[in-house]
Amino acid sequence: MIGTTNTRKKLFGGALVALAAGALFAGPAQAQVTDETAFVFNTLLFLIGGFLVMLMAAGFAMLEVGFVRTKHAAAICLKNIALYSIAGLMFYLVGYQVMYGGQTPYFGLPAIWGPSEIASDAEIALDTGYAAASDWFFQMVFVATAASIVSGTIAERVKLGPFFIFVVVLTAVIYPVQGSWEWGAGWLDSEFGFSDFAGSTLVHSTGGWAALAGAILLGARTGRFGPNATPMVPSSLPLATLGTFILWFGWFGFNGASQLAMGSAADAVAISQIFANTNMAAAAGVVTAYLLSLLIGGGKANLAYCLNGALAGLVSITAEPLTPTIMEAIGIGAVGAVIATFGAKFLEAVRIDDVVGAIPVHLFAGIWGTMAVPLTNSDASFFGQAVGVGAIGAFVFVSSFVVWLILKITVGIRLSPDAENVGGDLSELGHPAGSIFAAIDPGKPSAPAD
């Protein structure tokens, strides 16, 4: 895949470096580098990509805080920093080996991950092409992204404790198992040639399916639908806009570093193409959503549509950000924005409450992006893509539904009506978002905040 990538394969320990690509080019500027130099550059790519994707956790937090009502803001912040932390711990303790162990075509055996080399080794083996810890870190931040998607959909009414338990299962079992089918060289990769370069399905649709299952079992926020519906006023659209910009920025690491190598001129060109396509798909998503919002709103634009249009464009191009031309990337992003915009309307019609619009953006647009891969990548087939989308969707939705249902029956997953009315900040944290030092007298009922 290095240099002329047509498929996205993350094997156990990562992909091997194809240094021979440098020999295809003449001239000293494109000369083949040494194994150690390639090792350094590939490792650097994973680390830079990893911390950019880690920054997306802040983007998801700000996006979600901006879309929820003020009385839930502090609880949302805690939920996001905790889910990132849980994802890291579980992927280290269990998830990485389940995803990349490779003992079966369906999943690896659970085990604690350990690096194949450490700095104190007398000699660093260069045959893997990069430092093992850089690969683990890069894979781990992807897991946290899937969990963040779930958080946004079910905000304002889910209990923190049961949500954290679900994140444990999602990041230790559900996400790694389905990820092993493609990036772990499992059955979808070997038998059907399923292609998902950076995770439109494996990351984004997975988060969307898990969110959909949770939203169905939780139900809508009190007062969201029906004859007595009341406006759910977002706490801060400027914060949501900041979150979108942070996500857009982090996406360059998400897609760009998924090239998995930076040890040749061909890799550098590929990463540059990925950056350009990623950016233009998002831009097309914004403009398309803006025009649609004008039509839907009778000449008035809608900022939330535009923010989710950008994200839908990014999700759509993620399945294959390398092979499209820039014009094709613009088209893919624009279609994604259309799907997300009308997808949000569809969810409202069937009364599924998605606070931030994560299901239309990550699930619906993720399916579109995955199915669009064969339009620009001749190595993929529509049949293989459909098998992957269907198999992963069925597994993630059913397993997530079962986990949510068990939690609902055993410990309960929804805030009580009084706690929901008061808000998650006071009912779950005991302090508002404004100050942890605000005096809260537990003996006195708190007035609900907007």
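Residues numbered from 1 in each chain as written. Predicted model: local features only at pLDDT ≥ 70, side-chain atom pairs only at ≥ 80, totals over all residues. Heavy atoms only, no water.

Caption draft 1: Highlighting the overall build of the chain. Scanning the chain from terminus to terminus reveals 14 helices and zero strands. Written out in order from the N terminus, the α and β elements of the chain read α-α-α-α-α-α-α-α-α-α-α-α-α-α. Among the 450 residues that make up the chain, the fraction classed as buried is 55%. A fraction of 78% describes how many contacts in the chain between residues 6 or more apart in sequence connect residues 24 or more apart. Carbon and sulfur atoms make up 70% of the accessible area of the chain, which totals about 17400 Å². (Helix = DSSP H or I, 4+ residues; strand = E, 2+ residues; numbered from the N terminus. Buried < 20%, exposed > 50% of the residue type's maximum accessible area, 1.4 Å probe, protein only. Contact = heavy atoms within 4.5 Å. Areas by Shrake-Rupley, 256 points an atom, 1.4 Å probe, with all protein chains shown as cover.)

Caption draft 2: Summary view of the packing of aromatic side chains. Summed over all chains, the structure comprises 21 aromatic pairs. Sitting over the ring of Phe 163, Lys 79 keeps its end group 4.9 Å from the ring centre. (Phe/Tyr/Trp six-rings, centres within 6.5 Å; stacked < 30°, edge-to-face > 60°. Lys NZ or Arg CZ within 6 Å of the ring centre and 35° of its normal.)

Caption draft 3: Representation of the pattern of salt bridges within the structure. Using the criterion set out here, one finds seven salt bridges in the structure. One salt bridge connects Glu 156 with Arg 221, and the closest N-O pair in it is separated by 3.3 Å. Remark: Arg 221 occurs in the loop between helix H6 (200-218) and helix H7 (237-256) and Glu 156 occurs in the loop between helix H3 (132-153) and helix H4 (160-180); sequence separation between them is 65 residues. Each member of the pair, Glu 156 as well as Arg 221, is classed as buried. Put simply, Glu 420 and Arg 414 hold a salt bridge, and the shortest N to O gap is 3.0 Å. Classification of Glu 420 as buried rests on a relative accessible area of 4%. Note on Arg 414: relative accessible area 24%, which makes it partly exposed. (Salt bridge = Lys/Arg side-chain N within 4 Å of Asp/Glu carboxyl O.)

Caption draft 4: How the structure looks around the side chain of Thr 376. With respect to the helices and strands, the residue Thr 376 is situated in the loop between helix H11 (358-371) and helix H12 (382-410). Of note is the side chain of Thr 376, whose polar atom sits 2.9 Å from the side chain of Thr 323. Apart from residues no more than four positions distant in its own chain, Thr 376 is found in contact with Glu 320, Thr 323, Pro 324 and Glu 328. (Polar contact = N/O pair within 3.5 Å; in protein donor to acceptor, adjacent residues only side chain to side chain.)

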